[in-house]
Amino acid sequence: GKCAIFFSEKKEWRIVELSDTEMETVDLEKQKVMAHALASDLKDDTAPPRVGWERPPEEMGYVAVEDFRSAMKKGGNDAESSKLIQLLRGTVSGEEVVFRSPGKTTLEAEWEKLAHPGMGAEATWSSAVEISQDRLMNKLGLPQCKVIETAHPYETAEHSFTKTVSIETDGPIEVHFGKECRTYDHRTTLCVYGGGLSKALVGVGARVHVKVPTGREEAHGTIFGRAEGGRWKVRVDRDEAEICGCFKEWVDSSDNGRDRYCMSCVAEEQKKCTVIYSDGKTVGSEIAGFRFDTSDPLVPFAVSGFNAKGPAQTAGVMVGWFLDLGALLQEEQFIELDAPELGPVPTSMTEVANNIENFQKRLDMLLSLTDVALTFVNGLDFQLLPQCRVKYEETVGSEISGLSTKGGVITIDGFSKTAGPAQQSGARVGWQLNLPETLQLEMNQGKWSDLSQDEIIQDPSKLLELSGLMLVFEPSSFEPEEFFKGSGQGQEVWKRFQMPINTAQFVFTTDGDRGGWFFDADPKRRYGFLAVVTPGGAAAPSEEKVTALMDSWGDKATRAIGKRSKISVEPEDWDEARLRALCARHGWEFEWMTEDGERRRRIEGAQRARKVAQKCTKDEGAWWRLSSVTAALGGAMTTQKKEQKKIMQQQAPEEPEKEDPKAKAKDAKGKKTLSRWQCNAMQGSKKDLIGLQRSAVNAFLGFYVCFMMFYVCFM
């Protein structure tokens, strides 16, 4: 296992991986170091430090120099790549690499110094890792394969994630699992789904439902092209574009005889961030201005450029990101802008569109404000509609290899090797042709060669010879189908399977293992999964290649990502520092057990139990048992000695005292209580002893019930 070893000459602690038999035979100086820390300066402190451990540069992540340079070029920072490479350069096994953290500095620290940060340090490193992984798969002859995995081991906290993988193939796909795949128990599962509607299938011709980040504005449209930053351009349906003011004037005006239409940009993964300008820093100190687009009524204002580095770029905002007007119209500093030429403060997009000139003046004044929060988005969020419209300039048969009819429904049987407009829009084998809507499209009029609807249904192959058409396809089912569900361990669980479609959705969920890791900390029980998705059928790669990829993935591909978590060393015994760390991790309150604290907790617990019981049950028998347990748990153990002492005092003879006039009122108030104790004393000590014994038994039973409830809930 992992061992912490002290090197006296260097006054340094190191964590290495060793077995029990290797401790006395191997050269510790040559062992691979997982982390290191300086020894304490205190004379008598011989224990390893709990914090302050640092990983070596190769554990923090590294990529090849060319991969990092390609990622910088992809993000638009090619001019500054040489500077960063010089600062982060290193060598691993004779290969020139770029470290994420070479020791004296980090990628994030140096990125802050760049004049034009571009897409950010995190996004650039992720791109370099992806390029490095693609290079590894190309080297092994698996260019079309995809790898999906969890962290190894996965985190001991409740979480889940969903990842969609699409393989460019006309046939089925296969999913292979690594031999180490394992989860702690059945509460941690992996499910693989296929079919339905997925954003990973989006393309030109796909129908989408678009909604703005803040507000009620929404519309339907058709994707017609790509935009910068990996976004999609959407043409908003003309009959659904509820526009007014300057936007309506622009659409209604002529463009050399061509009709105009509204459009917007959507993102497969929407990124939204709120940036606060404070401490005297104005918006204009970073942002040069906002570009206005009359053709986009949903998000008409976007960042046009930057003057200098600031909080927006640090958060990942780039040129072309949209300003969330809905959030801006609620910003107090923006509302309080006052000038004679501004007019009334707009409260909706309609008021903005009807007086766009005054609103642009407000945006110009916004640049001089401080103590203001602005919200930016990279694109609008969208949902796929169960339909895509495919336009064929060539013949339909140039892409679709076959159509069949069953029950009056025409279905796609297969595609040719050429990826055409139907596949780009998201249509797949099994999708159905909406023939009535296709026949009604205006652009299809006069292009059917005198074919009737009945003739097309009887022989759909006649469609393959036509060209210049727009066909409307819809999926046969909107809900995804489950192809795999696995948990635990064993080859019989994590076995290879095939899917008839080329897109798979992986859904991993865990409850954090309910604290079981606390008693069984073996990380192999929480390995998670490693899956390789490959083409199936005749295009499937050999099993040897897939196995070689899995064997080398951890050492080469995963190492590029690196490990960012902090290391702490804890002793096996539970001292105060370790207890406090455990409480801080789970949000528990730490307190030493004292008489006052224990009494307070028992009283509060009894009160909560009574309230719950009163609300949840009317069963008198059940309430009596709960009342006995809580009463015994809350009071028996703390009042036992007091009751015995009071009984003995009541039985002992008391000397007469002179009556004090000032204490007369006080005696009157306590008269009822004194009489009660006198009655109890007259009943005899035997009866009191039996009652105390019952209370002690009830207290023990209450404690046992609480312990079993805790064990069931958390173990």
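Since the model is a prediction, treat every value here as computed from it, not as a measurement.

Draft legend 1. Focus on the overall build of the chain. Along the chain, the regular secondary structure elements total 21 helices and 28 strands. When the accessible surface of the chain is split by element, carbon and sulfur atoms take 51% of a total near 41800 Å².

Draft legend 2. Expanded view of the packing of aromatic side chains. On inspection of all chains with the given rule, the structure shows 17 aromatic pairs. Each ring, one from Y62 and one from F99, has its centre 6.1 Å from the other, and the planes form 70 degrees; the classification is edge-to-face. Linking Y62 in strand 4 (residues 62–64) with F99 in strand 6 (residues 95–99), this pair joins segments that are 37 residues apart in sequence. This pair shows no difference in class: Y62 is buried, exactly as F99 is. Three or more aromatic residues link up through ring pairs in this structure, and these residues are Y154, F161, F506, F508 and F529. In this structure, R14 is placed above the aromatic ring of F7, and the distance from its NZ or CZ to the ring centre is 4.3 Å.

Draft legend 3. Representation of the confidence of the model for the chain within the structure. With 80% of its residues at a pLDDT of 70 or more, the chain has an overall mean of 79. Contacts for the low-pLDDT stretch residues 654–687, under 50 throughout, to residues beyond four places or in other chains number 11 contacts.

Draft legend 4. The arrangement of the sheet that holds strand 7 (residues 146–149) in detail. Taking strand neighbours across the sheet as the criterion, the four strands line up as 7-28-9-26 in an open arrangement whose pairing is antiparallel. Two strands bound the open sheet, and with one partner strand each, they are strand 7 and strand 26 (497–499). The mean angle between the axes of side-by-side strands here comes to 25 degrees, regardless of whether they run parallel or antiparallel. Across four bridges, strand 7 lies against strand 28 (residues 530–535) in antiparallel orientation. Within strand 28, the position partnered with V147 by the bridge is V532. Across the sheet, helix 15 (residues 543–561) is in contact with strand 7, strand 9 (173–177) and strand 28; its angle to strand 28 comes to roughly 135 degrees.

Draft legend 5. Looking closely at a nonpolar patch on the surface. A surface patch of nonpolar side chains, about 340 Å² in accessible area, is lined by F700, L701 and Y704. As for its placement among the helices and strands, F700 is situated in helix 21 (residues 685–714).

Draft legend 6. Inspection of the nonpolar core at higher detail. Within the largest apolar cluster, 33 residues are counted, with the highest numbers of intra-cluster contacts made by F290, L374 and F376. Every element with two or more residues in this core is listed here: helix 5 (245–252), strand 15 (272–277), strand 16 (287–292), strand 17 (301–306), helix 7 (325–328), helix 9 (349–354), helix 10 (356–366) and strand 19 (372–377). For this core, the leading source of residues is helix 10, giving four residues. If we skip the residues at most four places from it in the chain, F290 touches F301, A302, V303, S304, L323, L363, L366, L367, L374 and F376. Grouped together as the second largest cluster of nonpolar side chains are 24 residues, V390, Y392, I410 and L451 included.

Draft legend 7. Local environment of the pairing of strand 9. Of all five residues in strand 9, five are buried, a share of seventy percent or more. By the alternation rule, side chains of strand 9 split into I173, V175 and F177 and E174 and H176, which are all buried. Inspection of the sheet shows strand 9 paired to strand 26 by three bridges, in the antiparallel sense. Following the sheet pairing, E174 is matched in strand 26 by Q498.

Draft legend 8. How the structure looks around the packing of helix 4 (residues 121–139) against helix 15. Running from amino to carboxyl end, helix 4 crosses helix 15 at an angle of 160 degrees, the nearest separation of the two axes being 9 Å. By the criterion of interaxial angle, the relationship of helix 4 to helix 15 is roughly antiparallel. The way helix 4 lies across helix 15 gives a crossing that is right-handed. Touching W125, V129, S132, Q133, L136 and M137 of helix 4 are L549, S552, W553, K556, A557, A560 and I561, all from helix 15. A breakdown of the residues in the contact of helix 4 with helix 15 according to their chemical character gives nine nonpolar, three polar and one charged.

Draft legend 9. A look at unusual backbone geometry. Cis peptide bonds are those with omega within 30 degrees of zero, and the linkage from H152 to P153 qualifies with 0 degrees. Its identity as a non-glycine residue notwithstanding, D279 has a phi of 55 degrees, on the positive side. Among the structural elements, D279 can be located in the loop between strand 15 and strand 16. Given a relative accessible area of 77%, D279 falls into the exposed group.

Draft legend 10. Focus on the pattern of salt bridges. Evaluation of the coordinates by the stated rule reveals 14 salt bridges. Residues R100 and E108 are paired through a salt bridge, measuring 2.7 Å at the closest nitrogen-oxygen approach. When the shortest N-O distance is used, the salt bridge between R187 and D185 registers 3.4 Å. Owing to a relative accessible area of 35%, R187 belongs among the partly exposed residues under this scheme. By relative accessible area, which is 16% here, D185 ends up buried.

Draft legend 11. Just the environment of F359, in detail. In this structure, F359 sits in helix 10. Overall, the relative accessible area of 2% leaves F359 in the buried class. Through-space distance from the C-alpha of F359 to that of G343 is 9.0 Å; in sequence the pair is 16 residues apart.

Draft legend 12. Quick look at the sheet that holds strand 6. Strand order in the open sheet made by the three strands is 4-6-5, with antiparallel pairing throughout. The open sheet terminates on both sides in strands that have one partner only, identified here as strand 4 and strand 5 (89–92). For this sheet, the mean angle separating the axes of adjacent strands, direction not counted, is 50 degrees. The strands touched by helix 4 within the sheet are strand 4 and strand 6, with strand 4 carrying the most contacts at an inclination of about 60 degrees.

Draft legend 13. A look at the packing of helix 1 (residues 65–74) against helix 2 (residues 81–88). Relative orientation of the contacting elements helix 1 and helix 2 amounts to 145 degrees, with a least axis distance of 10 Å. Our pair here, helix 1 against helix 2, has a crossing hand that is right-handed. In contact with V65, F68, R69 and M72 of helix 1, helix 2 contributes S81, S82, L84 and I85. Class assignment of the residues belonging to the contact of helix 1 with helix 2 gives a composition of five nonpolar, two polar and one charged.

Draft legend 14. Here's a closer look at helix 15. When the terminal C-alpha atoms of helix 15 are compared, their 26 Å separation across 19 residues agrees well with the 27 Å that a helix rising 1.5 Å per residue should span. If you look at helix 15, its biggest bend is around 65 degrees, right at W553. Those residues of helix 15 not exposed but buried are V546, L549, M550, S552, W553, A557 and A560. One or two positions beyond helix 15, positive phi appears at G562, with a value near 80 degrees.

Parameters and conventions
- Residues numbered from 1 in each chain as written.
- Predicted model: local features only at pLDDT ≥ 70, side-chain atom pairs only at ≥ 80, totals over all residues.
- Heavy atoms only, no water.
- Helix = DSSP H or I, 4+ residues; strand = E, 2+ residues; numbered from the N terminus.
- Areas by Shrake-Rupley, 256 points an atom, 1.4 Å probe, with all protein chains shown as cover.
- Phe/Tyr/Trp six-rings, centres within 6.5 Å; stacked < 30°, edge-to-face > 60°.
- Buried < 20%, exposed > 50% of the residue type's maximum accessible area, 1.4 Å probe, protein only.
- Lys NZ or Arg CZ within 6 Å of the ring centre and 35° of its normal.
- pLDDT = per-residue confidence, 0-100.
- Contact = heavy atoms within 4.5 Å.
- Pairing = 2+ DSSP bridges.
- Axes fitted to C-alpha atoms, helices over the stretch in contact; angles between N-to-C directions.
- Patch = residues over 30% accessible without salt bridge, like charges linked within 9 Å, V, L, I, M, F, W, Y side chains within 5 Å.
- Salt bridge = Lys/Arg side-chain N within 4 Å of Asp/Glu carboxyl O.
- Core = buried A, V, L, I, M, F, W, Y, C linked by side-chain atoms within 4.5 Å.
- Parallel < 35°, antiparallel > 145°, perpendicular 65-115°, else oblique.
- Left-handed = near helix turned anticlockwise from the far one by under 90°.
- Nonpolar A, V, L, I, M, F, W, Y, C, P; charged D, E, K, R; others polar.
- Expected span 1.5 Å × (residues − 1).
- Bend = angle between axes of the 7 residues up to and from the residue.

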